[in-house]
Amino acid sequence: MEMRRKERCVSNQDDIREFIAKEEVMRIAFQDKEGCYIVPLNYGEEYLDDKLVLYFHGALAGRKAEAFLGENQPAVESVAFEIDGNHEPVVGDGCNLSYKYTSVIGTAHVTILSRLDEKSHALEVISSKIVDRPEGFTFNEAVLAKTLVVRLEVNELACKRH
């Protein structure tokens, strides 16, 4: 992705990975039959063959689920996503006011996970950002069957530090 303010571009892959690993909420945007939609989500990430993969989950009902599952509309096949953090106001003299932050934006291909082992793996990646699971923990198969789990295979991204 091309960035206008090149001096703000973060190109060090280790810095980008560290930032994505540290944050807990991303926003995804897509178009469905009702129009444009953006939603904040908890996420998990991993790198497969050095390519970023993001996971999120949700209920099998509601606008997001209907869009991804293709209920009464073509299924969403790609999304835009955004992650931001490191927020800090910068106050100068008079009206001189700015805001520091880091952000990652990108696009990704959508895959709905249906196999229980895939869902379980994705949920482990997501939950490991938040809690430590006890050794041998497994997800309830009945709950897995009722959970929408989505894998986002990132096509492109850009990281900016302001």
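Residues numbered from 1 in each chain as written. Predicted model: local features only at pLDDT ≥ 70, side-chain atom pairs only at ≥ 80, totals over all residues. Heavy atoms only, no water.

**So, the overall build of the chain**
Point 1. Scanning the chain from terminus to terminus reveals 4 helices and 7 strands.
Point 2. Starting at the N terminus and walking to the C terminus, you meet the elements of the chain as α-β-β-β-β-α-β-β-α-α-β.
Point 3. Within the chain, buried positions represent 37% of all 162 residues.
Point 4. Within the chain, contacts between residues at least 6 apart in sequence are counted, and of these 69% link residues at least 24 apart.
Point 5. Of the accessible surface of the chain, which amounts to about 9700 Å², a share of 49% is contributed by carbon and sulfur atoms.
Point 6. With 20 positive and 28 negative side-chain charges, the chain shows a separation of 5 Å between the mean positions of the two kinds. (Helix = DSSP H or I, 4+ residues; strand = E, 2+ residues; numbered from the N terminus. Buried < 20%, exposed > 50% of the residue type's maximum accessible area, 1.4 Å probe, protein only. Contact = heavy atoms within 4.5 Å. Areas by Shrake-Rupley, 256 points an atom, 1.4 Å probe, with all protein chains shown as cover. Lys, Arg positive; Asp, Glu negative; His and termini not counted. Charge placed at Lys NZ, Arg CZ, Asp CG, Glu CD.)

**Here we look at the pairing of strand E6 (residues 97-113)**
Point 1. Examined bridge by bridge, strand E5 (residues 78-91) and E6 share 12 bridges and lie antiparallel to one another. If you follow Asp84 over to E6, its bridge partner there is Ser103.
Point 2. The loop that links E5 with its antiparallel partner E6 comprises 5 residues; one of these, Gly94, has a positive phi angle of about 60°.
Point 3. Pairing of E6 with strand E7 (residues 147-161) involves 12 bridges; the strand directions are antiparallel. Bridging from a neighbouring strand, Val104 pairs with Cys159 of E7. (Pairing = 2+ DSSP bridges.)

**Examining the nonpolar core**
Point 1. With 28 residues, the main nonpolar core has Ile20, Met26, Ile28, Leu54, Val79 and Leu152 as its most contacted residues.
Point 2. Among the elements that make up this core, the one with the highest residue count is E7 (5 residues).
Point 3. Not counting residues within four places of it along the chain, the set of residues in contact with Ile28 comprises Tyr37, Ile38, Val39, Leu41, Phe56, Phe68, Val79, Ala80, Phe81 and Leu152.
Point 4. Core analysis: the next-biggest nonpolar cluster, separate from the first, contains 10 residues, Val53, Ala122, Val125 and Val149 among them. (Core = buried A, V, L, I, M, F, W, Y, C linked by side-chain atoms within 4.5 Å.)

**Thoughts on the packing of aromatic side chains**
Point 1. Taken as a whole, this structure holds 3 aromatic pairs when the rule is applied.
Point 2. Note on Phe30 and Phe68: the rings are 5.0 Å apart at their centroids and 65° apart in plane angle, and the pair reads as edge-to-face. You can see Phe30 sitting in strand E1 (residues 25-32) and its partner Phe68 sitting in helix H2 (residues 63-69), a full 38 residues away along the chain. Neither residue differs from the other here; Phe30 and Phe68 are each classed as buried.
Point 3. When the centroid spacing of 5.7 Å and the interplanar angle of 65° are considered together, the rings of Phe56 and Phe68 count as edge-to-face. One end of the pair, Phe56, is in strand E4 (residues 51-59); the other, Phe68, is in helix H2, with 12 residues separating them in the sequence. Residue Phe56 shares its accessibility class with Phe68, and that shared class is buried.
Point 4. Taken together, Phe30, Tyr37, Phe56 and Phe68 form an aromatic cluster joined through their ring pairs. (Phe/Tyr/Trp six-rings, centres within 6.5 Å; stacked < 30°, edge-to-face > 60°.)

**Concerning helix H1 (residues 13-22)**
Every α-helix carries 3.6 residues per turn, so stepping three or four residues along brings you back to the same face.
Point 1. Ile16, Phe19 and Ile20 are the residues of H1 that are buried. Take H1 and look down its axis: the buried residues cluster within an arc of 95°, on one side only. In this structure, H1 carries Asp14 and Glu18 as exposed residues pointing more than 90 degrees from its buried face.
Point 2. On its buried face, H1 sits against strand E3 (44-48), E4, E5, E6 and E7.
Point 3. Its side-chain oxygen 2.9 Å from the backbone nitrogen of Asp14, Asn12 forms the N-cap of H1. (Arc of directions from axis to C-beta. Polar contact = N/O pair within 3.5 Å; in protein donor to acceptor, adjacent residues only side chain to side chain.)

**Topic: a nonpolar patch on the surface**
Point 1. Residues Leu60, Leu69 and Ile112 make up a contiguous nonpolar surface patch of roughly 200 Å² in combined accessible area.
Point 2. Among the structural elements, Leu60 can be located in the loop between E4 and H2. (Patch = residues over 30% accessible without salt bridge, like charges linked within 9 Å, V, L, I, M, F, W, Y side chains within 5 Å. Salt bridge = Lys/Arg side-chain N within 4 Å of Asp/Glu carboxyl O.)

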